[in-house]
Amino acid sequence: MLKADAFLVVYSVVDKATFSRADQLLNMLHDMDVSRSRPTILVANKIDLARSRAVSSQDGKCLACTHKIKFIEVSVAINHNVDELLAGILSQIRLKREHAAVQGIREPSSAHWYKNRSVVRASMKARQMITWIFGKEDSKFKNCENLQVL
């Protein structure tokens, strides 16, 4: 894992257990302190199976924002957003390297952001509820979906 340029954590939107496993993997990457200097993207797969969907798009965005990573929904079966994902991976690698070069040799510090993930998750859930009630997308959720910026 130390030689990885980026991390993709993929889950199936029709299987809640894979979503829980994705959360565990993201926690593990954070605890190992390897995801801070490398781009990490949460990928929701099988969005073409809308009728069988068990994990909402908002849940995926909330998890991504909680871990301060990027998020995208794809369907490999019908090739939906696959090209955007591949281009986004390359963009994220380039942007992280440029950001690290500007910061110097030191890795960018974001440890303060992760002090209490349960508080951050509760905040994201509240934002999610407000989005659901008022129908207006939160800018934090929009930012986690843009793979062309850090």
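Up top you'll find the structure we're talking about.
First, a word on what this report is: a plain description of the structure on this page. All values derive from a computational prediction rather than experimental measurement.

**Regarding unusual backbone geometry**
- Backbone geometry at Lys 46 places phi at a positive 70°, although glycine is not the residue there.
- By the element assignment, Lys 46 lies in the loop between β2 (40-45) and α2 (57-66).
- The class of Lys 46 is partly exposed, set by a relative accessible area of 36%.
- The phi dihedral of Lys 68 falls on the positive side, at around 55°, and the residue is not glycine.
- With respect to the element layout, Lys 68 can be found in the loop between α2 and β3 (70-73).

**Looking at the side chain of Ser 12**
- Note on placement: Ser 12 falls in strand β1 (residues 7-12).
- Look past the residues within four positions of Ser 12 in its chain and what remains in contact with it is Thr 18, Asn 45, Lys 46 and Val 55.

**Remarks on the packing of helix α1 (residues 16-31) against α2**
- It is the contact of α1 with α2, at a shortest axis distance of 11 Å, that shows an interaxial angle of 10°. One way to sum up the angle between α1 and α2 is to call them roughly parallel. For the pair α1 and α2, contact is made by Lys 16, Phe 19, Asp 23 and Leu 26 and by Asp 59, Gly 60 and Leu 63, respectively.
- A per-class count over the contact of α1 with α2 returns 3 nonpolar, 1 polar and 3 charged.

**Side note on the pattern of salt bridges**
- Scanning the model with the defined rule gives 5 salt bridges in all.
- Of the charged contacts, one joins Arg 97 and Asp 5 as a salt bridge, the two residues approaching to 2.8 Å between their closest N and O atoms. In this pair, Arg 97 is assigned in helix α3 (residues 82-103) and Asp 5 in the segment before β1, connecting sequence segments 92 residues apart.
- Glu 145 is the salt-bridge partner of Lys 61, the closest N and O atoms lying 3.5 Å from each other. In this pair, Lys 61 sits in helix α2 while Glu 145 sits in helix α5 (residues 139-145), placing the two residues 84 residues apart along the sequence.
- The class for Glu 145 is partly exposed, based on a relative accessible area of 30%.

**A closer look at the nonpolar core**
- Formed by 19 residues in total, the largest nonpolar core has its most connected members in Val 9, Tyr 11, Leu 26, Leu 42, Ala 64 and Phe 71.
- With 4 residues, the single largest contributor to this core is α1.
- Counting 8 residues, the second-largest nonpolar core is a separate cluster that includes Ile 41, Val 74, Leu 85 and Ile 93.

Calculation rules
- Residues numbered from 1 in each chain as written.
- Predicted model: local features only at pLDDT ≥ 70, side-chain atom pairs only at ≥ 80, totals over all residues.
- Heavy atoms only, no water.
- Helix = DSSP H or I, 4+ residues; strand = E, 2+ residues; numbered from the N terminus.
- Buried < 20%, exposed > 50% of the residue type's maximum accessible area, 1.4 Å probe, protein only.
- Contact = heavy atoms within 4.5 Å.
- Axes fitted to C-alpha atoms, helices over the stretch in contact; angles between N-to-C directions.
- Parallel < 35°, antiparallel > 145°, perpendicular 65-115°, else oblique.
- Nonpolar A, V, L, I, M, F, W, Y, C, P; charged D, E, K, R; others polar.
- Salt bridge = Lys/Arg side-chain N within 4 Å of Asp/Glu carboxyl O.
- Core = buried A, V, L, I, M, F, W, Y, C linked by side-chain atoms within 4.5 Å.

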